Amino acid sequence: MKSVLRLSAFALAAAAVCLPLESQSTQPAAVSNRITAPIDESNLVALSGNIHPMAQARFDRGAAPSSMATGRIMLLLARSGAQQQALTDYLADVQNPSSPSFHKWLTPAQFGAAFGISDSDLQTVEGWLQSQGFKVEKVPAARNVIQFSGTAGQVESAFHTSIHAFSVLGETHYANVSDPQIPAALAPVVAGVTPLNDFRPKPHVVKGGSGHYDAATGTLQPDLTLFSGSTPLLFVDPADAATIYDTPNTNLNLNFTSGTTYDGTGVNIGVVGVSDLTIADVQNYRVAFLGETSGTVNLPTVIIDGDDPGLNGAGVETLLDNEVSGGIAPKAKVYYYAAADTDLTSGLYNAILRAIDDNAVAILSMSFGECEASLGTSGNSFLDEVAQQAAAQGISWVVSAGDGGSAGCDNFDTETQATGGLAVSGMASTPWTIAVGGTDFDVLPTAFASYANATSSGTAPYYRTALKYIPENPWNDSTTVDTAIANNVRYLNSQGQGNIVAGSGGMSNVYAKPSYQVSLTPADSVRDLPDVSLFASNGFEQAMWLICSDNVTDGDPFQTYTNCQTSGGALQSGTTFDGVGGTSASAPAFAGVLALVSQSQGGARLGQANSILYQLAKSKYSTVFHDVTVGNNSVPCVTGSLNCGTNLFLTGYAAGTGYDLATGLGSVDVKQLIADWSSVALTS
């Protein structure tokens, strides 16, 4: 009976996938209604696991105003068991070269036709929301969520919970105090409601120091507040990244002198965020470091979903993502999706949904994170749902693993010792996202001149100083000794302050181990992070990413400046720029790498590229990957806290031969990645 059910479910999906375009607005007759009882507001079921960990009585400051606008929140819709089995089968077959479904990606409408709820059930749920006073804003083509809006009072009445204000670390937040509840009649088709709080996902960017161009020496110099004038520093620009990771581009890569150049032509990259983008800064970056002119500059296209978020504290993150992804793949078209935050939701969820529903991009980059426990059941379910949809549409979703080392639930921006134990970001841990960790160049302090030019910054327009691949270790700002965890020594700055800043990795508490990880990762039965890693340091070992910003985006009230201004395409003496780090940089960098791979495949979408990356690791590991074998991502912890070792560092994780929970498979040689991609793409 089980095999018959599976075949019937697959046939249902196949029939829906084959619908002609003109009939995709309605459901196939085979989709049954699952709301079978009248809606009774006295018969309720709880959507459990949806109270934020910081919504605690000790922080409670009382009820929120009932008139407070919610902004757009989402009701997550549920598939039937047969539909989920059909989707699971399809996602396996679409990456299986021997399947008729191989790389036959779905549109959002086809996804909705195959795996969405029935028209009747959808109308019933919409009607219930409207009866509670909500405005139904949109039902995406995939039919997996309903976007709606109203007030906090309407949320409290409809979902039988209370919204309160909480004062946490001097900030006021709003959150529900009990699990939301819905009528039991809706439970067969409602999986949850997106988090009802403003404890929002955090950007994974860590600021480094600023620098300037010295025309007398022809060098990019760190400002004296960062390092002494005699200390060389590598500001990684597009040509440096191309040289270090060996991209096949004759303009950017010092060591690639002949062969086919790949630059992302014909490939669309998506970036999601919650701030406006200062386009002029991106233009300055591309003119200064990619050889473009004001008349030829390849600028991002900005799509604002709903209310404009304005320029806010995530502005630097926005610049970093757009500049770095486009710097690795200069001819790719970048689409930036943004939506405004509200008091009860993160705009990031709406930006994600819009990007996937538009289906215009082949690769999607996200550099925000929130630990699995803080996302709650519904938050994790939403991310898993849209990640499955992205994979079905052929979109490779690249997500930063995090900047808190193995302490995924602690705030790396404010905390100096971890208390929450080992954890990972739920925004990176779904089996359908590619989690990108962070590395550093630990050899530079003792052998800078062997790997980068310390006396010249090259010439316009590329200002390349890197000479070749630079050996990597896990990025970890929290320890002065980065070998075995037992040898860690807490780093303290001149004010005696430490940090918990490091590239993240670890074991999921939500997801089982996906099949692509079974033979290479630890035998822990769960999804392991990260998958790959790239450079992410903010200057700890004398290197950081270079970006172009301005004082308004940086939030600097004391100076007025615009970075990376040029004359005749060349930097002028005293021209400034910013230095940053974080897996916020390594994620868009890897998105750019995948754009080059996609171009090499004729512009084809790659889908969940882990299916190829892990196969390459089995057969061509030493050729394609740079194995990171020394160092760790353990960070300081409070005595007696969860998973805190005797040396007051968390108990995991160390780099080692092959896959590890500090850097995943390691970093990549892009030229070899492209050359060998099809060697496993055409095998089962």
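Provided above is the structure to which this section pertains.
Quick caveat: nothing in here was measured; it's all calculated off a predicted structure. (Residues numbered from 1 in each chain as written. Predicted model: local features only at pLDDT ≥ 70, side-chain atom pairs only at ≥ 80, totals over all residues. Heavy atoms only, no water.)

Enquirer: Which residues make up the environment of aspartate 578, and what are the values?
Expert: In this fold, aspartate 578 is placed in strand S28 (residues 576–581). Look at aspartate 578 and you get buried, because its relative accessible area is 11%. Between the alpha carbons of aspartate 578 and aspartate 554 there is a distance of 9.3 Å; along the sequence they are 24 residues apart. Every residue in contact with aspartate 578, bar those within four places of it in the chain, is listed here: Gly209, Ser210, Trp545, Leu546, Ile547, Ser549, Asp554 and Asn563. (Helix = DSSP H or I, 4+ residues; strand = E, 2+ residues; numbered from the N terminus. Buried < 20%, exposed > 50% of the residue type's maximum accessible area, 1.4 Å probe, protein only. Contact = heavy atoms within 4.5 Å.)

Enquirer: I'd like to hear about helix H3 (residues 108–115), residue by residue, with values.
Expert: Because an α-helix completes one turn every 3.6 residues, residues spaced three or four positions apart along the sequence face the same direction. Of all 8 residues that make up H3, 7 are buried, and the element is covered over most of its length. For H3, the set of buried residues is Pro108, Gln110, Phe111, Gly112, Ala113, Ala114 and Phe115.

Enquirer: Can you lay out the pattern of salt bridges for me, pointing to particular residues and giving the numbers?
Expert: As a working rule, side chains carrying opposite charge can pair if their charged atoms are close by. Counted by the stated rule, this structure contains 14 salt bridges. Between lysine 138 and aspartate 357 there is a salt bridge, and its shortest N-O distance comes to 3.5 Å. With a gap of 219 residues between them, lysine 138 in strand S4 (residues 135–138) and aspartate 357 in helix H9 (residues 347–358) connect regions that are remote in the sequence. Using a relative accessible area of 33% as the deciding quantity, one classes lysine 138 as partly exposed. Judged by its relative accessible area of 14%, aspartate 357 is buried. Between lysine 671 and aspartate 246 there is a salt bridge, with the nearest N and O atoms lying 4.0 Å from each other. Of the two residues, lysine 671 sits in helix H16 (residues 670–681) while aspartate 246 sits in the loop between helix H6 (238–244) and strand S14 (268–273), which places them 425 residues apart along the sequence. (Salt bridge = Lys/Arg side-chain N within 4 Å of Asp/Glu carboxyl O.)

Enquirer: Before we move on, can you summarise the sheet that holds strand S2 (residues 60–63) with the specific residues and values?
Expert: Remark on secondary structure: sheet strands pair via backbone hydrogen bonds, oriented parallel or antiparallel. Across the sheet, which stays open at both edges, the 3 strands sit in the order S2-S6-S7 with antiparallel pairing between neighbours. Across the chains shown, the open sheet's two edge strands, defined by having one partner strand only, are S2 and strand S7 (171–176). Direction aside, the axes of adjacent strands within the sheet are offset by 30° on average. Note: S2 against strand S6 (residues 163–168), 2 bridges, orientation antiparallel. Paired with alanine 63 across the two strands is histidine 164, which belongs to S6. (Pairing = 2+ DSSP bridges. Axes fitted to C-alpha atoms, helices over the stretch in contact; angles between N-to-C directions.)

Enquirer: Give me the state of the cysteines: which residues, what numbers.
Expert: All chains considered together, the criterion is met by 3 disulfides. Note that cysteine 371 is cross-linked by a disulfide to cysteine 409, the S-S spacing being 2.2 Å. Sign of the S-S torsion, about 95° for the bond between cysteine 371 and cysteine 409, identifies this disulfide as right-handed. On the criterion of sequence distance, the pair formed by cysteine 371 in the loop between strand S18 (368–369) and helix H10 (372–392) and cysteine 409 in the loop between strand S19 (396–400) and strand S20 (434–440) is long-range, its members being 38 residues apart. Relative accessible area serves as the criterion here: at 33%, cysteine 409 is assigned to the partly exposed category. For cysteine 637, the disulfide goes to cysteine 644, at an S-S distance of 2.0 Å. The sign of the S-S torsion, about 80°, decides the handedness of the disulfide formed by cysteine 637 and cysteine 644: right-handed. This pair shows no difference in class: cysteine 637 is buried, exactly as cysteine 644 is. With its disulfide-bonded cysteines labelled consecutively along the sequence, the chain is connected as 1-2, 3-4, 5-6. (Disulfide = S-S within 2.5 Å.)

Enquirer: Lay out the packing of helix H8 (residues 315–328) against helix H13 (residues 583–600) with the relevant residues and their values.
Expert: Interaxial distance between H8 and H13 falls to 7 Å at its minimum, and their mutual angle equals 30°. By the angle between their directions, the pair H8 and H13 is classed as roughly parallel. In the packing of H8 onto H13, the handedness of the crossing is right-handed. In this structure, H8 contributes Glu317, Leu320, Asp321, Val324, Ser325 and Ile328 to the contact, and H13 contributes Ser584, Ala585, Pro588, Ala589, Gly592, Val593 and Leu596. A class-by-class count of the residues in the contact of H8 with H13 yields 8 nonpolar, 3 polar and 2 charged. (Parallel < 35°, antiparallel > 145°, perpendicular 65-115°, else oblique. Left-handed = near helix turned anticlockwise from the far one by under 90°. Nonpolar A, V, L, I, M, F, W, Y, C, P; charged D, E, K, R; others polar.)

Enquirer: A description of the sheet that holds strand S11 (residues 206–214) should follow, citing residues and the corresponding values.
Expert: As summarised here, the arrangement of the 5 strands in space is S12-S11-S28-S25-S13, forming an open sheet in which the pairing is mixed. Strands at the two margins of the open sheet, each flanked by one partner only, are strand S12 (219–222) and strand S13 (234–236). Each neighbouring strand pair of the sheet contributes to a mean axis angle of 45°, computed without reference to strand direction. Where S11 and S12 come together, 4 bridges link them in antiparallel fashion. For tyrosine 213, the partnering residue across the bridge sits in S12 and is leucine 220. Its contacts with the sheet place H8 against S11, strand S25 (543–547) and S28, and it is angled at close to 90° to S25.

Without other data, these values stay purely geometric and don't point to any function.
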